[in-house]
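Structure at a glance
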Amino acid sequence: EMDATISITVVGASGDLAKKKIFPALFALFYEDNLPEHFTVFGYARSKMTDEQLRNMISATLTCRIDQRENCSDKMEQFLKRCFYQSGQYNSEEGFAQLDNRLREKEVGKLSNRLFYLSIPPNIFVDVVRCASLRASATIGWTRVIVEKPFGRDAESSGELTRSLKKYLKEDQIFRIDHYLGKELVENLSVLRFSNLIFEPLWSRNYIRNVQFIFSEDFGTEGRGGYFDNYGIIRDIMQNHLLQILALFAMETPVSLEAEDTRNEKVKVLRSMRTLTLDDVTIGQYKGHKKGDRSYPAYTDDPTVPNNSVTPTFAAAALFIDNARWDGVPFLMKAGKALHTRRAEIRVQFRHVPGNLYKRNFGTDLDKATNELVLRVQPDEAIYLKINNKVPGLGMRLDRSDLNLLYKTRYSKEIPDAYERLLLDAVEGERRLFIRSDELDAAWALFTPLLKELEEKKIAPELYPYGSRGPVGAHYLAAKHNVRWGDLS
Ligand code: BG6
């Protein structure tokens, strides 16, 4: 059997994502001996740079994640020796031909596999793919391309992008990243459901009152206002990250762990969902705020954001899955920037205990007595279950307690970054955690009419102070469906 090489070309090598996430993830994989023996990393971008300058740029962002790890600087050295740089325009066949030549030098006599990571704006994806997929060699292995959102702004533009990419690539060559699928707790969701007896039997409208998917950040869009204003929080977080988690949460049991089996189930559940309307959402935008001697900017203070922008930086939504398992169960989402804390979590609120013997111990607020399962995706990964427990002692007093699995106390090994898992999967051709085009279409179909209506009617977002818990509209939306946000009660 012929030896294989793999080259990983980061297109847009000097960008933020490349520096912050992609190169460090590649190094971490290398450090743990997860990359194949013959691999090279290429950076491709417009600026002129030498290999040496690229190495300096990369090494400035590499850290040995655990301080004073053995051999770390040696490993770094070895990794950097495998990194090269080629400059060129993104729509230049010549630039990519030069890259091709340099890739071939590394591939001589070996089967050549090539992975391209398009860390560039989507409007130039197609140019790059057109130029980069020109290759002729006797020893061609596979070519794969990783792309990352935004995949268009709505159903039409996303469909258009997919069709254009497919002029040059087959669906199984396209690896659409949603980095939330690379997160440890999200990957664990299926394990929790399908390898424990005690959850799956409860996983339906019979026992679950509502499910909440909550994303909050304690910083605004500083520095990204230009991008953000064109998209807003619904496209930035809900239509992808939160919806993907919802699909994994709610899907039926896949036939197997094969990629297509999971992806089939996700598409099915997405297609069973009700298209959102204006009644199903509430939106917000952060305003400036003074706290002590610090002052926090409004979203519209960003010079790249128009003063009269109505782009939401916060949204809450109620979604419904019209199938036998989930009929009538509200799935609530909440996502916001510039809130009081950074957190991503799933909260499952269970139904009331029928004929609860201990009813009177809970006063009038029986909602507070229901079990709640929380999966905290970040920070401080954890799974905990709120139960009612007898306070030890004479008499009968109950209180709420947690059965708590806190990752950092249970597991000593550090949790890998989402990009490590996803890059490794792309190298290995494992597609389960990537978004198939029909999934993407189904996701856009749910949100597109709503997004159009919000924009056509220029619906004004409710303002909320930077650093607050968000607009009160989110409470009304939840209350309309008899839900209380678990993170606020
Ligand atoms: C990105 C969004 O997809 O996810 C950003 O574009 C957001 O707006 C980021 O900040 C959050 O990712 P993480 O992994 O830091 O929670």
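Scroll up for the structure.
From a predicted model like this one, the values you see are computed outputs, not experimental measurements.

A complete count under the given rule lists 42 salt bridges for this structure. A salt bridge links Glu439 to Lys266, with the nearest nitrogen and oxygen atoms 2.9 Å apart. Separated by 173 residues along the polypeptide, Glu439 in helix 13 (residues 437-456) and Lys266 in helix 10 (residues 259-271) bring together distant segments of the chain. Note on Glu439: relative accessible area 0%, which makes it buried. For the salt bridge of Arg343 with Glu345, the shortest nitrogen-to-oxygen distance reads 3.7 Å. Its relative accessible area of 26% is what places Arg343 among the partly exposed residues. The buried category is assigned to Glu345, whose relative accessible area is 3%. Each of Arg209, Asp365, Asp367, Lys368 and Arg484 takes part in a single network of salt bridges with overlapping partners.

What follows covers the sheet that holds strand 5 (residues 140-148). Strand order in the open sheet made by the 6 strands is 3-2-1-4-5-6, with parallel pairing throughout. Looking at the sheet topology across the chains shown, the edges are occupied by strand 3 (83-87) and strand 6 (174-177). Recorded for the sheet is a direction-independent mean angle of 20° between the axes of neighbouring strands. Its contacts with the sheet put helix 12 (residues 418-428) on strand 1 (4-11), strand 4 (111-118), strand 5 and strand 6, and the angle it makes with strand 5 is roughly 150°.

The end-to-end C-alpha separation of helix 10 is 18 Å, in line with the 18 Å expected for 13 residues at 1.5 Å each. All of the buried residues in helix 10 are Ala259, Asp261, Thr262, Arg263, Glu265, Lys266, Val267, Val269 and Leu270.

By size, the foremost hydrophobic cluster in this structure holds 143 residues, and its most contacted members are Phe79, Phe249 and Phe331. Top element by residues in this core is helix 9 (residues 232-250). It accounts for 12 residues. Once you skip the residues sitting within four places of it in the chain, Phe331 turns out to touch Val211, Phe213, Leu246, Phe249, Ala250, Ala317, Ala318, Leu319, Ile321 and Trp326.

One key point about sheets: their strands pair by backbone hydrogen bonds, in either a parallel or an antiparallel sense. Pairing is mixed in the open sheet, where 9 strands are placed in the order 16-15-14-13-7-12-11-8-17. Whereas interior strands pair on both sides, the edge strands pair on one side only; in this sheet they are strand 16 (398-406) and strand 17 (462-465). Taking the axes of each pair of neighbouring strands and ignoring which way they run, one obtains an average angle of 20° across the sheet. Those strands touched by helix 7 (residues 184-194) are strand 13 (343-350), strand 14 (372-378) and strand 15 (382-390), and its axis lies near 145° from that of strand 14.

This next bit is on the side chain of Lys266. When its relative accessible area of 1% is taken as the criterion, Lys266 is described as buried. Not counting the four nearest positions on each side in its chain, Lys266 is found in contact with Leu181, Gln244, Ala247, Leu248, Met251, Ile435 and Glu439.

Next up on the list: the side chain of Gln244. With respect to the helices and strands, the residue Gln244 is situated in helix 9. Residue classification places Gln244 among the buried positions, given a relative accessible area of 5%.

With that settled, consider helix 12. Among the 11 residues in helix 12, 10 count as buried, and that is most of the element. Residues of helix 12 that are buried: Ala418, Tyr419, Glu420, Arg421, Leu422, Leu423, Leu424, Asp425, Ala426 and Val427. For helix 12, the elements touching its buried residues are strand 1, helix 1 (16-31), strand 4, strand 5, strand 6 and helix 7.

In the region of the ligand, the neighbouring residues are Lys149, His179, Tyr180, Lys183, Glu217, Arg224, Asp236, His241, Lys337, Arg342 and Gln378. The contact in question runs from an oxygen atom of the ligand to an N or O atom on the side chain of Lys149, over 2.9 Å. The side chain of Asp236 places a nitrogen or oxygen atom 2.5 Å from an oxygen atom of the ligand. Contact with the protein chains hides 82% of the accessible area of the ligand, taken as 390 Å² for the molecule alone. Grouping the constituent residues of the shell around the ligand by class yields 1 nonpolar, 3 polar and 7 charged.

Across the 7 residues that make up strand 2 (residues 39-45), a large majority, 7, are buried. Two strands pair when backbone bridges link them, and strand 1 and strand 2 are joined in this way by 6 bridges, in the parallel orientation. Along strand 2, the bridge assignment pairs Thr9 with Phe42. Note that the unit made of strand 1, helix 1 and strand 2 has a crossover that is right-handed. The sheet contact formed by strand 2 and strand 3 spans 5 bridges and is parallel. By the bridge assignment, Tyr44 is partnered in strand 3 with Gln86.

So, on to the environment of Lys21. Relative to the helices and strands, Lys21 resides in helix 1. Look at Lys21 and you get partly exposed, because its relative accessible area is 31%. Filtering out sequence-adjacent residues up to four positions away, Lys21 remains in contact with Asp16, Asp417 and Tyr419. Here Asp417 takes part through its side chain, which lies 3.2 Å from a polar atom of the side chain of Lys21.

Inspection of the entire model under this criterion finds 0 disulfides. Of all cysteine sulfurs, the one in Cys72 lies closest to Cys83, which takes part in no disulfide; the gap is 14 Å.

In this structure, Val377 sits in strand 14. When its relative accessible area of 4% is taken as the criterion, Val377 is described as buried. Along the sequence, Val377 and Ile346 sit 31 residues apart, while their C-alpha atoms lie 7.6 Å from each other. Once you skip the residues sitting within four places of it in the chain, Val377 turns out to touch Lys183, Leu185, Val186, Ala344 and Glu345.

Cut-offs used in this document
Residues numbered from 1 in each chain as written. Predicted model: local features only at pLDDT ≥ 70, side-chain atom pairs only at ≥ 80, totals over all residues. Heavy atoms only, no water. Salt bridge = Lys/Arg side-chain N within 4 Å of Asp/Glu carboxyl O. Helix = DSSP H or I, 4+ residues; strand = E, 2+ residues; numbered from the N terminus. Buried < 20%, exposed > 50% of the residue type's maximum accessible area, 1.4 Å probe, protein only. Pairing = 2+ DSSP bridges. Axes fitted to C-alpha atoms, helices over the stretch in contact; angles between N-to-C directions. Contact = heavy atoms within 4.5 Å. Expected span 1.5 Å × (residues − 1). Core = buried A, V, L, I, M, F, W, Y, C linked by side-chain atoms within 4.5 Å. Near = heavy atom within 4 Å. Polar contact = N/O pair within 3.5 Å; in protein donor to acceptor, adjacent residues only side chain to side chain. Areas by Shrake-Rupley, 256 points an atom, 1.4 Å probe, with all protein chains shown as cover. Nonpolar A, V, L, I, M, F, W, Y, C, P; charged D, E, K, R; others polar. Right-handed = clockwise from strand over helix to strand, strands pointing away. Disulfide = S-S within 2.5 Å.

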